[in-house]
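Spelled out from the first residue to the last, the chains are:
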Amino acid sequence: MKRMKKLLTGLLTLGMTLSMMTMTAFAADPSAKMPTIDTDPDKTGTVTIHKYTSGNGMGSVGNGTEAHPGDFPTGAEPLKGAGFTLYQVVDKGGMEAYYKADPKDLPDVSEYVEPDGTIKKAYSGNATSEGLTDKNGTATFSGLELGFYVVIETTVPDAVTTPMKPFLLSVPMTTTDGSDWLYDIHVYPKNETGYGKISLEKTGVKDDEKISGATFALQKKSDATSSWINITQKSTAQGDNTGDALILTTDVNGLITIDGLSKGEYRLIETSVGNGYIMDGATAYEFTVNSDKTITYKESTDANITIKITNERPDLTKEVKKKNITPEEWGRTADYSIGDKIPYRITVDVPKNITKLKTFTVTDTPTNLTDDVDSIEIKCNDAAVTADAYTKAAVGDGFTITFKPAQMAAYERQQLVITYNAKLKDTAYNTTAGNQNTAKLEYSKNITPNATTDPDNPNKDKEEGKNTIENSTVVYTFAVKIVKNGVDGTETKPLANVEFDLYQEVPDETEGAITGTSVPAGLDNTKSWKKIKTLKTGTDGTVTHNGLSNGTYYLVETKTNDKYNLLKKPIEVTLNVQYTIATKTESTWVKDTNGQKQVKSEITGTTFTSTDDATAAEGIKVQEVINKKGFTLPTTGGIGTFVFTFAGIAMMAAAVILLITSKKKKAE
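Residues numbered from 1 in each chain as written. Predicted model: local features only at pLDDT ≥ 70, side-chain atom pairs only at ≥ 80, totals over all residues. Heavy atoms only, no water.

**Some words on the overall build of the protein**
- Secondary structure assignment for the protein yields three helices and 45 strands.
- When the 668 residues of the protein are sorted by exposure, 45% land in the buried category.
- Considering only contacts within the protein whose residues lie at least 6 apart along the sequence, 74% involve residues at least 24 apart.
- For the protein, the accessible surface area stands at approximately 33,600 Å², while carbon and sulfur atoms represent 49% of it. (Helix = DSSP H or I, 4+ residues; strand = E, 2+ residues; numbered from the N terminus. Buried < 20%, exposed > 50% of the residue type's maximum accessible area, 1.4 Å probe, protein only. Contact = heavy atoms within 4.5 Å. Areas by Shrake-Rupley, 256 points an atom, 1.4 Å probe, with all protein chains shown as cover.)

Written out as structure tokens, the structure is:
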């Protein structure tokens, strides 16, 4: 019994000296009879190692038997990937002899282990195959010959900050009450683990917009191959685990927080982003988790590191110049006449990463307009953009400007201004639909990596994709409707085949303008005028002319019906139509064929109003013109003037002759 007490005392000492092990042995009841070790030569033992993180300390769990999950304190998590090797340092005979010598303690583990924690050379050939803990944190060694074993942690997970100290294990070992031997042994070594934490903040270049929904892949560098391996979903709070790919997504504040990172080298790579931002899938944000849980990123090392990532997004705005307004004014709407030369302006915000893009193209698509490709000018800060940075080509009535991103480094984060002229065609709509001119910017959605230089990048096979921004302007035209009636006494009837010339005052340099003696009677011949068209009433006495901008016009009647008087002077006609567009309140980004699309302030309708009651909501000015029957009344400057003047002179001459004759008779 004395020998058995010593044996149990030795086992208890073993349990206490295993600083990283929670298995304990308890002294046997002095009255208990301890059985002998099984003498079966084929008898073997099994050791199952349960590896957990330190949690809040493992307490007194562990007595050589399998523990229940509830026995572990809060925070203890299974640790995958820890490797253990068992070295037999004393065989069955030596163990029995050792116990027969009535020892007080087990041998000190230092007898078998070097100061650096490795097994001494004399025992290195007695090693088992290394066993790695699985996702449940367990590694099992079966078929072990009886004896003493040194247990060494030969593969240390990155999460571990302090490797487990080697310990000595007896196979078999006694139960806690000393009544039997355990051949199926469960041990619970632990060690201190350290997990790093890092944050990512995602903002857009436009107004520091917080980008939500952006996704990132997390990769870790393999110590064995130096390749980058995708971190997969975690089945526990700590420890990397195989399974589905880990998807990190920014929240409503553009943030991602990653914790539970074991020591090692990591990198974050963007895999998707919305709201028209350019996904930079070629840039990797590398950082290191140190053994003291700090993070090293670029030149900084700290316990709290936030990687700030700004995404780039270009922009496009389309404007039309208002007609005859000083100083000049640009906007979404304007009104012009058919045949007018209309100035347009497109501004393009160039992203900082422009040289990494494959596509950056501006296309202009007009409706009832023809763009003048030769009039296109592209400037940046009032200086012409170099010709080698783009090409331009006519496409139907519009054009395409194809920029060459590789040649645009000088224009990063700059604004390009594209100006050109367009001519309003005679097919122009004279309705609230107006005549739209839509500019579209198409650019690369994804920046993809070079698969040769970065074969582990998750974006290596991703398509470029294309995002699109559209913005439109509208040009309106209006109409004048002449209602021609003849008055004969009390009778009024429409007059057909009455002709008018429609004139408008124009700037002196206007092509086709007339001035001086060429100006019709009744118009100021010191100004410049342009004849727009000759109008002729139909059988209903009306004629309508479309395609006019707001302004003041003059109708010069040149022909009327027989026995009706021509107008003495031109009729002034004023068009003053106000137009108000309705747009969508939000310019949202929607999924498109190859990427995302934004229609900026999409125009959904137009309302016409006017202070002139004669101008209907359709933008048509109704002008009634009356002719009366009677003598033909000459207009100023016509042939009638000459006839009356000649007759007057003749009458005056006759009067003079009569006066002279009368005086002569008196004198006689």
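The rest of the description comes next.
**Comments concerning the sheet that holds strand β4 (residues 138–145)**
- The three strands lie next to each other as β4-β1-β9, forming an open sheet whose pairing is mixed. With one partner strand each, in any of the chains shown, β4 and β9 (184–187) form the two edges of the open sheet. Looking at each pair of strands side by side, their axes are set apart by 20° on average, direction ignored.
- Bridge analysis of strand β1 (residues 44–50) against β4 gives six bridges, and the strand direction is antiparallel. (Pairing = 2+ DSSP bridges. Axes fitted to C-alpha atoms, helices over the stretch in contact; angles between N-to-C directions.)

**Some remarks on the pattern of salt bridges**
- Tallying each qualifying case throughout the model produces 23 salt bridges.
- Across the salt bridge formed by aspartate 612 and lysine 621, the nearest N and O atoms sit 2.1 Å from each other.
- On the basis of relative accessible area, aspartate 612 is assigned to the partly exposed category, the value being 22%.
- Residue classification places lysine 621 among the buried residues on the basis of a relative accessible area of 8%. (Salt bridge = Lys/Arg side-chain N within 4 Å of Asp/Glu carboxyl O.)

**Quick notes on the nonpolar core**
- Within the largest apolar cluster, 40 residues are counted, with the highest numbers of intra-cluster contacts made by Phe403 and Leu416.
- Within the residue set of this core, elements represented by two or more residues are β21 (315–321), β24 (341–349), β25 (360–366), β26 (369–380), β29 (398–403), β30 (415–424), β31 (435–444) and β33 (466–476).
- Filtering out sequence-adjacent residues up to four positions away, leucine 416 remains in contact with Ile346, Thr347, Val348, Val350, Ile378, Lys379, Cys380, Val385, Phe403, Met408 and Tyr411.
- Core analysis: the next-biggest nonpolar cluster, separate from the first, contains 35 residues, Val47, Met95, Met164 and Leu168 among them. (Core = buried A, V, L, I, M, F, W, Y, C linked by side-chain atoms within 4.5 Å.)

**What about the side chain of serine 337?**
- Summarising the element assignment, serine 337 is placed in the loop between β23 (333–335) and β24.
- Residues in contact with serine 337, not counting those within four places in the same chain, are Lys323, Leu424, Gly547, Leu548, Ser549 and Tyr553.

**Comments concerning the packing of aromatic side chains**
- Inspection of every chain in the model, using the stated rule, returns twelve aromatic pairs.
- With a centroid separation of 5.3 Å and 75° between ring planes, the pair formed by tyrosine 112 and tyrosine 123 is classed as edge-to-face. Of this pair, tyrosine 112 sits in the loop between α2 (92–100) and β3 (131–132) while tyrosine 123 sits in the loop between α2 and β3; the two residues are eleven residues apart in sequence, bridging distant segments of the chain.
- Ring plane angle 80° and centroid distance 4.9 Å describe the contact between phenylalanine 399 and tyrosine 420, whose orientation is recorded as edge-to-face. Of this pair, phenylalanine 399 sits in strand β29 while tyrosine 420 sits in strand β30; the two residues are 21 residues apart in sequence, bridging distant segments of the chain. Neither phenylalanine 399 nor tyrosine 420 differs from the other in exposure class; each is buried.
- When the ring centre of tyrosine 183 is taken as reference, the NZ or CZ atom of lysine 43 above it lies at 4.5 Å.
- Directly above the aromatic system of tyrosine 277 lies the positively charged group of arginine 313, at a separation of 4.4 Å from the ring centroid. (Phe/Tyr/Trp six-rings, centres within 6.5 Å; stacked < 30°, edge-to-face > 60°. Lys NZ or Arg CZ within 6 Å of the ring centre and 35° of its normal.)

**Details of unusual backbone geometry**
- The step from valine 171 to proline 172 runs through a cis peptide bond, and the omega angle for that step is 10°.
- In this fold, proline 172 is placed in the loop between β6 (167–171) and β7 (173–174).
- Omega for the bond connecting threonine 326 with proline 327 falls within 30 degrees of zero, at -5°, which places this linkage in the cis form.
- With phi around 55°, arginine 413 is a residue other than glycine that occupies positive phi space.
- Tracing the backbone shows arginine 413 in the loop between β29 and β30.
- For lysine 563, which is not a glycine, the phi torsion comes out positive at approximately 70°.
- Of note, lysine 563 is situated in the loop between β39 (551–559) and β40 (571–575).

**Quick word on the side chain of aspartate 364**
- Considering the arrangement of structural elements, one finds aspartate 364 in strand β25.
- Side-chain polar atoms of aspartate 364 contact the side chain of tyrosine 420, separated by 2.9 Å.
- Beyond its immediate sequence surroundings of up to four residues, aspartate 364 is in contact with Lys318, Ile346, Asp371, Gly398, Phe399, Tyr420, Asn437, Thr438 and Ala439. (Polar contact = N/O pair within 3.5 Å; in protein donor to acceptor, adjacent residues only side chain to side chain.)

**Considering the confidence of the model for the protein**
- Mean pLDDT over the protein: 85, with 82% of residues reaching 70 or higher.
- Note that pLDDT drops below 50 for residues 235–242; the model gives that stretch 22 contacts with residues more than four away or on any other chain.
- With pLDDT under 50 throughout, residues 632–644 is counted as low confidence; its partners more than four residues away or in other chains account for ten contacts. (pLDDT = per-residue confidence, 0-100.)

**So, α2**
- With a side-chain oxygen positioned 3.3 Å from the backbone nitrogen of glycine 93, the residue opening α2 is aspartate 91.
- The positive-phi residue at the C-terminal boundary of α2 is aspartate 102, with phi of around 55°.

**Structural notes on the environment of asparagine 275**
- Here asparagine 275 lies in the loop between β15 (264–272) and β16 (279–280).
- Under the relative-accessibility criterion, asparagine 275 is labelled partly exposed at 32%.
- It is 8.2 Å that separates the C-alpha atoms of asparagine 275 and valine 590, two residues lying 315 residues apart in sequence.
- Setting aside its immediate chain neighbours within four residues, asparagine 275 contacts Glu209, Arg313, Trp589 and Gln596.
- A polar contact of 2.9 Å, which involves the side chain of asparagine 275, links it to the side chain of glutamate 209.

**Description of the sheet that holds β40**
- What the four strands build is an open sheet, ordered β37-β36-β39-β40; its pairing is antiparallel. For this open sheet the edge positions go to β37 (529–536) and β40, each flanked by a neighbour on one side alone. When strand polarity is set aside, the average angle formed by the axes of neighbouring strands in this sheet is 30°.
- Judged from the six bridges that link them, strand β36 (residues 499–505) and β39 form a sheet pairing that is antiparallel. Residue glutamine 504 lies in a different strand from β39, and its bridge partner there is tyrosine 553.

**Points about the environment of glycine 331**
- If you trace the backbone, glycine 331 turns up in strand β22 (residues 330–331).
- Along the primary structure glycine 331 and valine 474 are separated by 143 residues, whereas in three dimensions their C-alpha atoms are 9.4 Å apart.
- When near neighbours in sequence (up to four residues on either side) are disregarded, glycine 331 contacts Glu319, Val320 and Thr473.

**Thoughts on the environment of asparagine 485**
- Counting through the fold element by element, asparagine 485 comes out in strand β34 (residues 478–488).
- Considering only alpha carbons, one finds asparagine 485 and lysine 628, 143 residues apart in sequence, at a separation of 8.7 Å.
- Excluding residues that lie within four positions of it along the chain, asparagine 485 makes contacts with Thr492, Lys493, Pro494, Leu495, Glu624, Val625, Ile626 and Asn627.
- In terms of polar contacts, asparagine 485 uses its side chain to reach the side chain of glutamate 624, at 3.1 Å.

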